Structure formats: structure tokens, C-alpha cells
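# Structure assessment
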Amino acid sequence: MGERFNTVVTEIKCWRNFTLREVIYDLSHLNAHWAEYLDDRDEKNPITYKFIVTYSLHCFTKESSELTEEELQLLTYSSPRETRPFNFERYHLSKQLPNIIKALGESTTLVCHAGYGKFATTKVVDSKGIEVDYFVVFSVFKESKKLRLHVQSAYPRYEGIGRIKKVSFFVIANNLLKNKKLPKL
């Protein structure tokens with residue numbers, strides 16, 4: 001994993017920490033990283049897919065009309081593209097994202113269509129110890145001839161996600177690698 005990707009990634013590669021009342025919330029778990037997936041379903045022809053993974057600030061921020069002006073000022077987190085309030089529950093859940101992303105190729109990980117050509121995976125334990133649907137919306141694409149996976153948002157869904165259509169992560173990766181259309185809903 002020693003390959004560099006500093007020049008090919010257009011998203012934030014290293015997130016700065018959030019500080020509130022001298023408490024530092026470390027965001028380094030959302031820094032860009034490589035993820036490898038071994039598809040060995042065909043034992044004679046295993047394929048390794050190597051993705052550069054990046055994360056959006058939507059993984060740890062959330063708009064809220066319930067916040068006062070003072071709370072909004074205290075919780076403000078800005079990136080080059082947008083500013084949103086820091087959200088403690090999303091932050092807590094985001095610590096699981098690197099492992100969720102690394103597990104996308106495992107048969108126990110649910111990958112489903114999230115609409116608009118995006119994909120998602122679900123089921124985690126929240127900060128209260130309750131299992132919830134965790135909607136991790138990600139897109140895959142090629143950037144500078146490299147496979148890319150960008151997590152656009154991640155949030156708990158307490159009311160459930162309704163009916164879903166499963167899709168194999170390896171079908172997504174293989175289609176992307178071969179410049180074929182990605183699976184659609």
C-alpha cells in the first residue's frame with residue numbers, strides 16, 4: 001500500500017480535527033487510504049481490486065434546524081466545498097467506516113442500491129449500543145486511471161431503509177475495471 005495518490009485524488013486526503021471547548025475530535029480515521037479486495041470466487045482466476053478511498057464531511061456533519069445560532073457557530077466545520085455543523089452521533093459512527101469499507105467484498109456485508117448510481121451498506125451499533133441501519137452512500141469511478149471509492153454520506157436510519165435490492169460489490173468493481181456500466185436499480 002506504499003503507492004502514493006497525492007496527485008490523483010480531487011477530494012480531501014487529510015481531514016483536520018474538530019475542536020470544541022478544548023476537546024479534540026480526531027478525524028484521521030477518515031483520511032484517504034487504499035483498500036484492496038480479493039475476488040477469489042473463481043479459484044483459477046482470482047482478481048484483486050485496489051481502490052483509493054475518500055470520505056465526505058457528510059460522514060460526520062449534519063444540517064439541523066434544531067440548533068441555536070450559538071450552537072451553529074460552535075459546531076461549524078468547514079471544508080473547501082461547504083460548511084455544516086459537526087454531529088456527534090455521525091462522528092461516533094464514522095469511526096467504523098474504514099472497517100465497513102474494507103469489508104465490502106465479504107459475503108456478510110450488505111451492499112445495495114442507494115439510487116442515483118450510488119451504493120450503500122448497513123447495520124452497525126450506535127453510541128447507545130443499539131443496532132441500527134447505517135446508510136453508507138458511496139460511489140465508484142475511475143480517476144487518473146485509478147479505481148476510486150468515495151463515501152458521500154453515512155448516517156443512521158432509525159426508521160429502517162425499506163425494501164432494498166442487493167448487488168455484489170465484485171460485480172460493481174469488475175464492471176468499473178472493464179469500463180462497463182455499473183449495476184442499476
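Our subject is the structure that appears above.
Keep in mind it's a predicted model, so treat the numbers as computed, not measured.

Cut-offs used in this document
- Residues numbered from 1 in each chain as written.
- Predicted model: local features only at pLDDT ≥ 70, side-chain atom pairs only at ≥ 80, totals over all residues.
- Heavy atoms only, no water.
- Helix = DSSP H or I, 4+ residues; strand = E, 2+ residues; numbered from the N terminus.
- Buried < 20%, exposed > 50% of the residue type's maximum accessible area, 1.4 Å probe, protein only.
- Contact = heavy atoms within 4.5 Å.
- Areas by Shrake-Rupley, 256 points an atom, 1.4 Å probe, with all protein chains shown as cover.
- Salt bridge = Lys/Arg side-chain N within 4 Å of Asp/Glu carboxyl O.
- Core = buried A, V, L, I, M, F, W, Y, C linked by side-chain atoms within 4.5 Å.
- Polar contact = N/O pair within 3.5 Å; in protein donor to acceptor, adjacent residues only side chain to side chain.

## Re the overall build of the chain
Along the chain, the regular secondary structure elements total 4 helices and 11 strands. Counting across all 185 residues of the chain, residues that qualify as buried make up 48%. Taking as baseline every contact in the chain between residues at least 6 positions apart, the subset at least 24 positions apart corresponds to 58%. Within the structure as shown, the chain displays about 10700 Å² of accessible surface, and the carbon and sulfur contribution to it stands at 49%.

## Structural notes on the pattern of salt bridges
Within the structure shown, the criterion is met by 3 salt bridges. Between Arg 81 and Glu 11 there is a salt bridge, with the nearest N and O atoms lying 3.2 Å from each other. Taken together, the residues span a long stretch of sequence, with Arg 81 in the loop between β5 (76-78) and β6 (83-85) and Glu 11 in the segment before β1 (18-20) at a distance of 70 residues. Using a relative accessible area of 62% as the deciding quantity, one classes Arg 81 as exposed.

## Some points on the nonpolar core
Grouped together as the largest cluster of nonpolar side chains are 42 residues, with contacts concentrated most on Tyr 37, Phe 51 and Leu 149. Elements with a contribution of two residues or more to this core: β1, β3 (33-39), β4 (47-55), α2 (88-94), α3 (97-102), β10 (131-143), β11 (146-157) and α4 (169-177). Setting aside residues up to four positions removed in sequence, Tyr 37 forms contacts with Ile 47, Thr 48, Tyr 49, Phe 51, Ile 101, Lys 102, Leu 104, Gly 105, Leu 149, Phe 169 and Phe 170.

## Here we look at the side chain of His 29
Note on placement: His 29 falls in the loop between β2 (23-25) and β3. Polar side-chain contacts of His 29 include one of 2.8 Å to the side chain of Ser 94. If we ignore the near neighbours within four places in the chain, the residues touching His 29 are Tyr 55, Tyr 91, Ser 94, Lys 95 and Pro 98.

## Quick look at α4
For α4, the complete set of buried residues consists of Phe 169, Phe 170, Ile 172, Ala 173, Asn 175 and Leu 176. The elements touched by buried residues of α4 are β3, β4, β8 (118-120), β10 and β11. Sitting at the amino-terminal end of α4 is Ser 168, which places a side-chain oxygen 3.1 Å from the backbone nitrogen of Phe 170. Positioned one or two residues after α4, Asn 179 has a phi angle of 60°, which is positive.

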